[in-house]
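Below, each chain spelled out in residue letters.
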Amino acid sequence: MVDRILTIIVTATLTSAVWIVVGGSLIENATSEGQRAATRPAEAAPSPSPTTDIASSGMPTSEPLDAEPTREPEAGNSDNLMIPVLNVRASDLTDTFTQARGDGARLHEALDIMAPLGTTVRAAGAGKVEKLFRSKAGGNTIYVRTSDGSTIHYYAHLGEYAEGLKEGQRIRRGQRLGTVGSSGNAARDTPHLHFAILQTTADAQWWEPANAINPYSLLAGE
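Now for a look at the structure at hand. (Residues numbered from 1 in each chain as written. Predicted model: local features only at pLDDT ≥ 70, side-chain atom pairs only at ≥ 80, totals over all residues. Heavy atoms only, no water.)

## Remarks on the pairing of strand β6 (residues 139-145)
Regular strands have side chains that alternate between both faces of the sheet. Counting buried positions along β6 yields seven of seven residues, so the element is predominantly enclosed. Pairing of strand β5 (residues 127-135) with β6, which is carried by seven bridges, proceeds in the antiparallel orientation. In the sheet register, S135 faces β6, and the bridge partner there is G139. Between β5 and β6, which pair antiparallel one after the other, the connecting turn spans three residues. As defined by bridge partners, β6 adjoins strand β7 (residues 151-161) across five bridges and the pair is classed as antiparallel. Its bridge partner lying in β7, Y143 is registered against Y154. (Buried < 20%, exposed > 50% of the residue type's maximum accessible area, 1.4 Å probe, protein only. Helix = DSSP H or I, 4+ residues; strand = E, 2+ residues; numbered from the N terminus. Pairing = 2+ DSSP bridges.)

Have a look at this one:
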């Protein structure tokens, strides 16, 4: 009886010892770096960069930057012009820009504003008198360059210049420049102002070729 009890005790002790050794090995293997990489890849891999949903976070968002900065209107643009002959209304104007001149050899590219001889000619817009020039074709002429240098207002066939008018003088919109006449190649019985708008560049001379634009729609408001 005693021998049987001793056998049971020894067997139980040995069995417990075996389970302790085996269990310890399993636990050690489970916590090793290799096993962690195999069984828990999310922990072994680096954490992804955090992302934030700005729309759902309630945080204010900034407006995107403009691709091009807002520009102020240029001082030399050809809008806001006034009719350069006193007492002439928009309804009195006739579009002569595309009419032929020189027996069809060229376009007029200007506006003829009919008025009695001696009628005041005034500045259509502000600028600087760049040149007072007497030519065979244009007679008494005035070249006024706008403040940004990109536009020249050309007045021709004047009867006379305003007293004191000189080159380099700054003039305001509506300032008196001279009188309607028929100097140059204008017909003596049809006095008028030949008015042109020339698009140029700031570094171009007054006599250099420039692009003419039609003054009619600007002066007539069409």
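The discussion continues.
## Details of the side chain of S182
If you trace the backbone, S182 turns up in the loop between β9 (176-180) and β10 (192-199). Leaving out residues up to four positions away in the same chain, S182 has contacts with L117, H157, A187, R188 and P191. (Contact = heavy atoms within 4.5 Å.)

## Focus on the environment of P215
As for its position among the elements, P215 is in the loop between β11 (211-213) and α5 (216-220). Between the alpha carbons of P215 and F97 there is a distance of 7.9 Å; along the sequence they are 118 residues apart. Ignoring sequence-local partners within four residues, the contact set of P215 consists of F97, L111, F195, A196 and I197.

## What to know about the packing of aromatic side chains
All told, the structure shown has four aromatic pairs when counted by the stated rule. Between Y155 and F195, the aromatic rings sit 5.2 Å apart at their centres with planes inclined by 50 degrees, giving tilted as the arrangement. Here Y155 is found in strand β7, whereas its partner F195 is found in strand β10, with 40 residues between them in sequence. Each member of the pair Y155 and F195 is classed as buried. (Phe/Tyr/Trp six-rings, centres within 6.5 Å; stacked < 30°, edge-to-face > 60°.)

## Side note on the side chain of Q175
With respect to the element layout, Q175 can be found in the loop between β8 (170-171) and β9. You can call Q175 buried: its relative accessible area is 13%. When sequence neighbours within four positions are dropped, the list of residues in contact with Q175 reads V121, R122, A123, Q169 and R170.

## Overview of the nonpolar core
In this structure, L93, I113, I142 and Y155 are the most contacted members of the largest nonpolar core, which totals 28 residues. Elements with a minimum of two residues in this core: β3 (111-114), β5, β6, β7, β9, β10 and α5. Among all residues touching I142, those that are not within four sequence positions of it are V129, K131, L132, H153, Y154, Y155, L158, Y161, L165 and L177. Ranked by size, the runner-up nonpolar core spans eight residues in total, among them A110, Y143, A156 and L198. (Core = buried A, V, L, I, M, F, W, Y, C linked by side-chain atoms within 4.5 Å.)

## Considerations on the pattern of salt bridges
Scanning the entire structure with this criterion turns up three salt bridges. Residues E130 and R145 are paired through a salt bridge, measuring 2.6 Å at the closest nitrogen-oxygen approach. Of this pair, E130 sits in strand β5 while R145 sits in strand β6, and the two are 15 residues apart along the sequence. Looking at R145, the relative accessible area reads 8%, which means it is buried. Across the pair E167 and K131 runs a salt bridge whose closest N-O atoms are separated by 3.7 Å. Residue E167 is found in the loop between β7 and β8, and its partner K131 is found in strand β5; the two are separated by 36 residues along the sequence. Taking the relative accessible area as the measure of exposure, E167 reaches 41% and is therefore partly exposed. (Salt bridge = Lys/Arg side-chain N within 4 Å of Asp/Glu carboxyl O.)

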